[in-house]
Structure formats: structure tokens, C-alpha cells
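Inside the fold
Residue-level listing of the chains:
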Amino acid sequence: MKRGASRPVLTGALLCALAGCAAPPPGRQDAGPTLSQGDFRETGHPADPVRRGGTLRVSAAADTGTLDLHAISHTNAQWLGRLIFDNLIYLDDQGRPAPWLAQSWDISPDGLTYTFHLRPGVTFSDGAPFDAEAVRVNLEHMRDPATKSPLAAAYIAPYERGRVIDRYTFEARLRTPYAPFLNVLAQSWLAMISPRQIREAPQTIGSRPIGSGPFVVESYRRQQGIVLKRRPDYDWSPDFIGHRGPAYVDRIAVDFVPEGLIRYAALASGQYDLTIDAPPQNAAAIRADSRLVLDNRVRTGIASRAVNFNVERAPFNDIRVRQALAFAVERGGIAHANGFGEFQPKTDFLASNTAAYDPVAAGLLRQDVPRANRLLDEAGWTGRDAQGYRTRNGQRLGAEILVTEAASLSSVIVALQADARRIGFDLGIVQLTLPMLTKWRMANDYQALAGGVWHTNTPDALYINYDSGEIASKQRIGQNVSRLRDPEIDRWLQAARESQDPAERRRLYALAQRRLVWLAPGIPLYENHSITAHRRALHGILYDTSHNTPVLTGTWLERRS
């Protein structure tokens, strides 16, 4: 492999014993309490009347880097977006599109034209009206190359043009039918920003965005925190909030606290009312504390993967090698070591609470070391060197997996390395800066990348991650990092996008899921969990169906002593 620079390679049996000590304790084989998609449950709500006022104190693990949600793909945009902005649509408790800023919509028989009938009387916090022109300006901002959108632009890629029919009627014309269109419009990354700000001061969106949501940005200090103040004239929340009018709390103060133990300790001590990223290693302690509530949910979309193989580069251009590594991994132990009993092991590629999930695909990649060894024998890797690694024609079987320098050598990577060694595969770990990793990824100069997740509220996540048109190029940063080019996958996922028949979409997505398990473009590991914790003195928390993250519009605080 040609290299643009030398790589610090971390090899061998680095803490291999971790894989052997990762077995779940007796009686605890699966995840902790995990609520399904569509649960708008309100946690900890007593019979006492709502109390207005006060400051809700929140900790989160990481800053988004910008508050222009059209320009990022950061996880924290999901819950922050619900505070500052509104969307055209939300998903109801069954995951179905429901009215928000759009009161209703019509879809043409050919699936190419969506006509949105908008809610009148909505304004942005700068006084600009929400109307059809605002929708048009926002969609253009999402796909404007200057926005450099890694997510919103891809989600509306089939959108061709918009037309203002009258003040509160907007027509969206698509190039091809796109069944996920309404779903993606419900996600925070596609929220509505003031058209006045987009036109006159787009450079200010990142630090002081103007939305139509229940809170207004009072201050934003990057890598430190955000203070939001209640908007007193807000009166158009979606139905699932359960009340009209302004939010109950006066302010929300968010601090970015990277250290998990500190987030837990500060919550337990009363410094914070809510932590967005509750550390799983402290989950048992949180559950044991009568003052605290833990909430563990599975995010829809693509589950967490241990590794993504580059199927165009040796040795992973051989499907038998990919399958062998997938069969070698002991997911239960890794999930327990990293999730402390909170993570649910996963052997297929679509989250189990995502629409059109196919349970037939589950379990097909369970650990099977004898089968892994047979596959490598069939592939011709029958020799062994002095270190016990497999060889073929004098060449050792191995590859490098790239990780960012910000990612510690977690037990996931170390255990994966140990499991690979057991079947004679030499897995090297290479740490890079994020810019360098991105450079090599775009140049197709890698054998494997450390795994990740892809959250979205539609099974179209499969298209985003595995359609050949989503491979990175000079024109775009695609998400198909496995560089999978499979005609059947492409055909099924494109047909699912275009189909107006729910039953047909389920059939097509099922076919794609089963084939992906066989193709093994990566190693699914465990579900993508969203774990939050709050004090019982905080009431009225709801969980958004699109993201399974907290919605704080209706939260309120007991009086502090």
C-alpha cells in the first residue's frame, strides 16, 4: 500500500487478556432497559401541578462545534435542535409522519411532488415569518455548497426544486420518488432557520442561530457551554409535547463535560439536573440511587460496528476473509466490557427498532470460530509462521485498522485484535489525526476503518451506508466507507426508495439486510444506545421518536431546597 506519510503501527497482543475477561455475568446476557422507537413516555411525572421558572442544568459529553445544524452531523444536534428550532414534521408514537409546522401535505401519485400546507402565525425569534418562502430558502441552504453539509444535503439529494404556491403553501418537486422524504424532514438536522438570517447574515448561524423554537440562544462558548432562554411567545409545539404555549423553565444551561465520571458525580451531587451522555460504567450506581433515573434507548438506523472493511483492498476483497473475521468476534463479551451490561449485542446491520427491520437476518453472524477457521483454510491461508499467524505463499495474513488519535485504544479494538489473532489474523492498529484519516479515506488508501454508527429515522440508512453511489469521491463525502459495489444491494435499496407500497418496501429492505449479512462489509457489534440520566426532581421529560433523545420543552423542576 502506498503511504502519504509514515504510520505509527500498534501491533500484536496488546492487552489481549481483555478479550478473555469480558464475559457477561451470570443471568445478564443482554442489554439493560431499552425502550423502543415511538415511546413518548414522560418519566418521573408526579401528580403535583407543574411549576414554572428556574434554570435547567444539563451536562453533555461534547460540543457540536457549530449551531448551524444544516452544516453538521453531530449527535448532540438531535436534542439541541428541538430546543432552538422547529421542523416541518415530527414522527408520532408509531414512527409515522405527523404535522408540526406543516399542518398537512399531499403527495402526487407518481411520488414526485409534495405539497405542504403550512401552519400560519409562526414566527422566528427575529420576527421573520415562517411561510412557504422560508421553507424554500431553508432547503436551498441545506444543499448550498457553501453550507458544506455532510448530512442534510444528502438527505434531500432527490429534491430538485421548490415552488411557492401562496404564502402558506409550498410545493417540493423531486427528481425521483423518495419514500423517506417526510421522515428525514422530521430530523433535527433539517430544522427551519430564519430566512432573514440565511440571506443577510449566514456567518452568524454557527454561533447565534435564529429559529422558531421554544428557546433562544443567549450565549454560546465553544467547548464550554450554551445558555438558552425561554421564548415567551412560543405557541406551536407539536402535539406530543402535550401543551401549548412557552416552555416551563426560564433557562437551560448546558455545560460540555467530556469525562464520564465527572458527569455522573456532578449529577449525583445535584450540580446538574440531566446528563445527556450518562456513562454506562455508572449505570448500576444511577439505578441504585433513589434520587436518579436512568433511561437507556436504542437509536434507529445502523447499529454500532466494530470495523468497516474496505472490500476493494486485500485481504478484504475476499468475502471469505471478511466472513471469517465476523465469525471470530465474541460480541457478548465486548458488549459487556464496554457497556457494563447496558449494550445489546448485534449480529446484523439495521437497528432492531427501525422500520422494516428483518429479524431473519439476526444471529447469522454469531461467533463460530471453527467456521471462521474453515473459511480461511478455503481461502488458501493454511500456513503458519513462527508467531502463529496464517500465511499463504510466504505472506502473512493481516491488515491495518485506522482509528483517530482522539479515540483511545478501547477494549473494543483490543478485543477485536485478540479475536483476530485466535484465528491467525494479524490486525494492526494505526492511530491518525482526523484530518489525516479523512485524507486517506478519500484517497481509498486504507484496508479497514474503526467502526461507527449511523443514526437516522428510516431504513434508508442502508442506502446511505451501502449503496455504491454513496462511495466517497471528489464531489462528495459519501458514507459507504466499505466501498461496497453490489448490483443487487443497489437495485433493492433504490427500488425501496422509490416504492410507494409499504409492504414492498419491507420486502426489499429484508432482501438487502439478508444479503448484507452474507457480504459482511463490516462487523456489527452492538446496538447504538442513547443513555441519559436525570434527577427525579426534573419532570416532564419526553423522548423524541426520530432520535430517541430527550425533548425538554415540557420539562419542569421541583423547587430546590
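Residues numbered from 1 in each chain as written. Predicted model: local features only at pLDDT ≥ 70, side-chain atom pairs only at ≥ 80, totals over all residues. Heavy atoms only, no water.

Side note on the overall build of the protein chain
The criterion, for reference: Runs of E in the DSSP output that reach at least two residues are strands. Runs of H or I that reach at least four are helices, and both are numbered from the N terminus. Exposure is judged per residue with a 1.4 Å probe applied to protein chains only, and the accessible area is read against the type maximum: over 50% gives exposed, under 20% gives buried, and values in between give partly exposed. The contact rule is simple, with two residues in contact once any of their heavy atoms fall within 4.5 Å. Computed with a 1.4 Å probe, the accessible areas rest on the Shrake-Rupley method; for each residue, only the protein chains presented here act as cover.
Of regular secondary structure, the protein chain possesses 16 helices and 28 strands. By the burial criterion, 58% of the 561 residues in the protein chain qualify as buried. For the protein chain, long-range pairs separated by at least 24 residues make up 72% of all intrachain contacts whose partners lie at least 6 apart in sequence. Carbon and sulfur atoms make up 50% of the accessible area of the protein chain, which totals about 21,500 Å².

Here's the deal with the pairing of strand β13 (residues 292-298)
The test is simple: Strands qualify as paired when DSSP identifies two bridges or more between them.
Judged by how many residues are buried, β13 sits mostly within the fold: 7 of 7 residues are covered. Where burial is concerned, the two faces of β13 agree: the one with Leu292, Leu294, Asn296 and Val298 and the one with Val293, Asp295 and Arg297 are both buried. Note: β13 against strand β24 (residues 529-535), 7 bridges, orientation antiparallel. Paired with asparagine 296 across the bridge in β24 is isoleucine 531.

Structural notes on empty space enclosed by the protein
Basically, it comes down to this: Of the two site types, the cavity is a set of points on a 1 Å grid over the protein atoms alone where a 1.4 Å probe fits but cannot get out, and the pocket is an open set with protein on both sides within 12 Å along at least five of seven lines, each lined by residues with an atom within 4 Å of a point. Grid points are joined across faces, edges and corners, and a volume is the space filled by probe spheres set on the points.
Applying the stated criterion across every chain yields a total of 4 cavities of 30 Å³ or more. Approximately 70 Å³ is the volume attributed to the largest cavity. If you go around the largest cavity, the residues you meet are Arg82, Asp86, Trp100, Pro214, Tyr234, Ser237, Pro238, Phe240, Ile241, Asp544, Val551 and Thr553.

Examining the packing of helix α15 (residues 487-498) against helix α16 (residues 502-519)
If you want to describe how two helices pack, look at the angle between their axes and the distance between the axes. To keep things clear, this is the line we draw: Simply put, an axis is a line fit to the C-alpha atoms, just over the touching stretch for a helix, and the angle between two N-to-C directions goes from 0 to 180 degrees. We call two directions roughly parallel when the angle between them is under 35 degrees, roughly antiparallel when it is over 145, roughly perpendicular when it lies between 65 and 115, and oblique otherwise. If you view the pair so one helix is near and one far, a crossing is left-handed when the near helix is turned anticlockwise from the far one by less than a right angle, and right-handed when it is turned clockwise. Amino acid classes used here: Ala, Val, Leu, Ile, Met, Phe, Trp, Tyr, Cys and Pro are nonpolar; Asp, Glu, Lys and Arg are charged; the rest, including Gly, are polar.
For the pair α15 and α16, the least separation of the axes is 9 Å and the interaxial angle reads 155°. In terms of axis orientation, α15 runs roughly antiparallel to α16. Relative to α16, the crossing made by α15 is left-handed. Residue-level inspection shows Glu488, Ile489, Trp492, Leu493, Ala495, Ala496 and Arg497 of α15 in contact with α16, the latter providing Arg505, Leu508, Tyr509, Leu511, Ala512, Arg515, Leu516 and Leu519. Split by residue class, the contact of α15 with α16 holds 11 nonpolar, no polar and 4 charged.

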